[in-house]
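# Reading the structure
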Amino acid sequence: ILADTLPLDAGGVATSYTARWEAEWTPHIFTSLEGQHQELENLSFAYPSTQLVTVDVERGRTDRVTAGGNIWFDGGIGVYGSASLIRSEITEGIDEGKRIPFVPDWTARIGAVWVHPLQIRAQIERVWAGPQASGPGLPEIDGFGSTNIAISWEPLEKRIALGFVIRNLFDEDY
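Numbers given for residues are sequential positions, taken from 1 along each chain in its written order. Under the rules for a predicted model, residues below a pLDDT of 70 receive no local features and side-chain atom pairs below 80 are neither given nor counted, while totals for whole chains, interfaces and linings still include all residues. In computing side-chain properties, one takes all heavy atoms of the structure into account and sets aside hydrogens as well as water.

Next up on the list: the overall build of the protein chain. On a plain count of helices and strands, the protein chain comes out with one helix and eight strands. The way it works is that DSSP assigns letters per residue, a run of H or I at least four long becomes a helix, a run of E at least two long becomes a strand, and they are numbered from the N terminus. Tracing the protein chain from N to C terminus, the helices and strands come up as β-β-β-β-β-β-β-α-β. The proportion of buried residues among the 174 residues of the protein chain is 26%. The contact definition used throughout considers only heavy atoms, calling two residues in contact when any of these lie within 4.5 Å. Across the protein chain, the fraction of contacts at a sequence separation of at least 24, relative to all contacts at a separation of at least 6, is 48%. Relative accessible area decides the class of each residue, using a 1.4 Å probe on protein chains only: under 20% of the type maximum gives buried, over 50% gives exposed, and in between gives partly exposed.

Attention now moves to the pairing of strand β7 (residues 144-153). At least two DSSP bridges between two strands are needed for those strands to be called paired. Across ten bridges, strand β6 (residues 120-129) lies against β7 in antiparallel orientation. By the bridge assignment for β7, Q123 is matched with A150.

Residues qualify for a patch when their relative accessible area is over 30% and they have no salt bridge, like charges being joined within 9 Å and the nonpolar side chains of Val, Leu, Ile, Met, Phe, Trp and Tyr within 5 Å. Each accessible area is a Shrake-Rupley result for a 1.4 Å probe, and residues are judged covered by the shown protein chains and nothing else. The working definition used for a salt bridge is a side-chain nitrogen of Lys or Arg within 4 Å of a carboxyl oxygen of Asp or Glu. Side chains of W21, W25, I29, L33, V65, I71, F73, I77, V79 and W114 sit close together on the surface and give an oily, nonpolar patch of about 940 Å² of accessible area. Every element with two or more residues in the nonpolar patch is listed here: β1 (8-26), β2 (29-46), β3 (54-72) and β4 (77-92). Looking at where L33 falls in the secondary structure, it is placed in strand β2. The partly exposed category is assigned to L33, whose relative accessible area is 43%.

Moving on to the side chain of Q38. With respect to the helices and strands, the residue Q38 is situated in strand β2. By relative accessible area, Q38 is classed as buried at 1%. Here S16 takes part through its side chain, which lies 3.0 Å from a polar atom of the side chain of Q38. Pairs of N or O atoms are called polar contacts if they sit within 3.5 Å, as long as, within protein, a hydrogen donor faces a hydrogen acceptor (for residues adjacent in sequence, only side-chain-to-side-chain pairs).

What pLDDT conveys is the predictor's confidence in a given residue, as a value from 0 to 100. Here the protein chain averages 87 in pLDDT, and 90% of its residues register 70 or above. Mean pLDDT in the protein chain bottoms out at helix α1 (residues 155-158), which sits at 85, and peaks at strand β5 (residues 106-115), which reaches 97.

By the definition in use, this model includes eleven salt bridges. With its nearest N and O atoms 3.2 Å apart, the salt bridge here joins R59 to E92. One end of the pair, R59, is in strand β3; the other, E92, is in strand β4, and 33 residues separate them in sequence. Given the relative accessible area of 35%, R59 is considered partly exposed. The salt bridge involving E140 is made with R99; its shortest N-O contact spans 2.4 Å. In this pair, E140 is assigned in the loop between β6 and β7 and R99 in the loop between β4 and β5, connecting sequence segments 41 residues apart. Linked by salt bridges that have partners in common, R20, E22 and E34 make up one network.

Our next topic: the nonpolar core. Within the largest apolar cluster, nine residues are counted, these being L40, L43, F45, V57, I86, I90, I100, F102 and V103. Looking at this core, the elements that each hand over two or more residues are β2 and β4. Here the nonpolar core consists of buried residues drawn from Ala, Val, Leu, Ile, Met, Phe, Trp, Tyr and Cys, with membership extended through side-chain atoms lying within 4.5 Å.

Here we come to unusual backbone geometry. Leave glycine aside and you will find that most residues have negative phi; peptide bonds, for their part, are mostly trans. The phi dihedral of Q119 is positive, around 70°, even though this residue is not glycine. By relative accessible area, Q119 is classed as partly exposed at 30%.

This is the structure in structure tokens:
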């Protein structure tokens, strides 16, 4: 769960611990390995299909391990990929011992990017999310994939960023 997207209720707290190792094997090949542990309090998830029903989690935790890599070619072209394994658990409250809703068991992404010297960037990526819990007494949500494209421009020495993103480009159901 990303800290800036946490569905915390008033008084909710997220404590994160992260360790990251990065390597530049050549001027064009980069890899990383990251581990993250989060302790969460007072989460409240609204169901995607209706904002009227919520699932509240008093306390929970997540553990995530992510491996990633980038390869940069000549001409401002690069490819990247990453994969994460995620374990989540409700540690206090209703459904104690079960997975936190809407946190997938794994995620993966691959993509290609082109960067122009005028700070114009174009990107296409494929993102997958594994199965995830949906709440008390409800069926598990199947994994899904999505194709996304983005274009951005950062003029004035990157002091301003303008961008356009299309998520789920092919309108896949999930």
